Amino acid sequence: RPPSDHSSRGTRLDSSIDAPPPTPSIGILLANVGSPEAPTPAALRRYLAEFLGDPRIVELPRWLWLPILHGIVLRTRPRWRSRCRSTGKPPAARTGC
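### Structural notes on the nonpolar core
If you look at the biggest cluster of nonpolar residues, it comprises five residues: L52, V58, W65, L69 and L74. Apart from residues lying up to four places away in sequence, V58 is in contact with L52 and W65.

### A few points about the pattern of salt bridges
In this structure the tally under the stated criterion is one salt bridge. The shortest N-O distance in the salt bridge between R56 and D54 comes to 2.8 Å. A relative accessible area of 67% means that R56 is categorised as exposed.

### Let's talk about a nonpolar patch on the surface
Taken together, the side chains of L60, W63 and L64 make up a nonpolar region of the molecular surface, amounting to roughly 340 Å² of accessible area. Within the secondary structure, L64 sits in helix α3 (residues 62-73). Classification of L64 by relative accessible area gives partly exposed; the value is 33%.

### Quick word on the packing of aromatic side chains
Working definition: an aromatic ring pair is given by the centre-to-centre distance plus the angle between the planes. Counted according to the given criterion, the structure contains one aromatic pair. Pairing Y47 with F51 gives two aromatic rings, centres 6.0 Å apart and planes at 0 degrees, and the pair type is stacked. Within this pair, Y47 and its partner F51 are both found in helix α2 (residues 41-52), separated by four residues, close to a single helical turn.

### Notes on the confidence of the model for the protein chain
In this model, the protein chain carries a mean pLDDT of 75, and residues with pLDDT of at least 70 account for 61%. Between the elements of the protein chain, mean pLDDT differs from a low of 52, seen in helix α4 (residues 80-83), to a high of 94, seen in α3.

What counts as what
- Residues numbered from 1 in each chain as written.
- Predicted model: local features only at pLDDT ≥ 70, side-chain atom pairs only at ≥ 80, totals over all residues.
- Heavy atoms only, no water.
- Core = buried A, V, L, I, M, F, W, Y, C linked by side-chain atoms within 4.5 Å.
- Buried < 20%, exposed > 50% of the residue type's maximum accessible area, 1.4 Å probe, protein only.
- Contact = heavy atoms within 4.5 Å.
- Salt bridge = Lys/Arg side-chain N within 4 Å of Asp/Glu carboxyl O.
- Patch = residues over 30% accessible without salt bridge, like charges linked within 9 Å, V, L, I, M, F, W, Y side chains within 5 Å.
- Areas by Shrake-Rupley, 256 points an atom, 1.4 Å probe, with all protein chains shown as cover.
- Helix = DSSP H or I, 4+ residues; strand = E, 2+ residues; numbered from the N terminus.
- Phe/Tyr/Trp six-rings, centres within 6.5 Å; stacked < 30°, edge-to-face > 60°.
- pLDDT = per-residue confidence, 0-100.

Quick look at the structure:
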């Protein structure tokens, strides 16, 4: 009987050797994550604290990220007014600038 590259179950023994490694997939997820309750700096800070405090959004260790979030990010003045000076509304309330 000639040598065979089939096992007793009928599958190829060397198929994993010849196959190229799988290519990683890249995807983009678009989601509506809400907006601040009001066009005020305090409302924007509350919104950002809740959104950026979610470990699924920023994948850094909590001990590293929370001091950055509360010590730097949330203490920086919100700049959404400079994007649309004519209305001064938060992004959800704007229809166009």
